[in-house]
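Analysis of the macromolecular model
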Amino acid sequence: GLSKSVTRNTAPVGTVDADDSDKVIGNRSSDDRTFDGYICNVGMWKGTVLTESQIRSVMLASSYGQVQAIAQPTAYYLLAANGNDSTGNFNGTLS
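Structural notes, computed from the coordinates. (Residues numbered from 1 in each chain as written. Predicted model: local features only at pLDDT ≥ 70, side-chain atom pairs only at ≥ 80, totals over all residues. Heavy atoms only, no water.)

Some thoughts on the overall build of the protein
Applied cut-off: Put simply, DSSP marks the helices as runs of H or I at least four residues long and the strands as runs of E at least two long, and each gets a number from the N terminus on. Throughout this description, buried means an accessible area under 20% of the type-specific maximum (1.4 Å probe, protein chains only), exposed means over 50%, and partly exposed covers the range between.
Helices and strands together make up the secondary structure of the protein, namely two helices and two strands. Secondary structure elements of the protein, listed N to C terminal, follow the sequence β-α-α-β. Counting across all 95 residues of the protein, residues that qualify as buried make up 16%.

Below, the structure written as structure tokens:
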């Protein structure tokens, strides 16, 4: 295939979601949209909008320490592990 470059020059719009309800990763809360793939790491930043550069750096980070140095997450899950939050604040349950 051919490689294509895509550039987006618009600033993000909207408001930051301050919802503190439980989160479901890889499905919907009604359990009717199962994701049949692999999810590596998941991070959440409350009250923070990451720049494109920060997002790219987080994607390439190989450890929680590197992610933490880029932008301090509210919660960060190394899903190859046990479902516990690397920040120590929001442990999860793998199922």
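Description of the nonpolar core
Condition: Definition of nonpolar core: a set of buried residues of the types Ala, Val, Leu, Ile, Met, Phe, Trp, Tyr and Cys, connected through side-chain atoms within 4.5 Å. By the convention used here, residues are in contact when the closest approach between their heavy atoms is within 4.5 Å.
Counting residues in hydrophobic clusters, the biggest one holds eight residues: Trp45, Leu50, Val58, Ala61, Tyr64, Val67, Ala71 and Tyr76. Excluding residues within four positions of it along the chain, Val58 makes contact with Trp45, Val67 and Ile70.

Quick word on the pattern of salt bridges
To keep things clear, this is the line we draw: One side-chain nitrogen of Lys or Arg within 4 Å of one carboxyl oxygen of Asp or Glu is enough to make a salt bridge.
Taken as a whole and judged by the stated rule, the model has one salt bridge. The shortest N-O distance in the salt bridge between Arg56 and Glu52 comes to 2.8 Å. Taken as a pair, Arg56 and Glu52 lie in helix H1 (residues 52-60) at a separation of four residues, close to a single helical turn.

Remarks on a nonpolar patch on the surface
We apply this condition: Within the patch definition used here, like charges are joined within 9 Å and nonpolar side chains (Val, Leu, Ile, Met, Phe, Trp, Tyr) within 5 Å, considering only residues with over 30% relative accessible area and no salt bridge. Note that accessible areas follow from Shrake-Rupley with a 1.4 Å probe, and for residues the cover is restricted to the protein chains shown.
On the surface, a cluster of nonpolar side chains totalling about 260 Å² of accessible area is made up of Ile25, Phe35 and Ile39. Structurally, Ile25 is set in the segment before strand S1 (41-44). Ile25 sits in the partly exposed class, given a relative accessible area of 40%.

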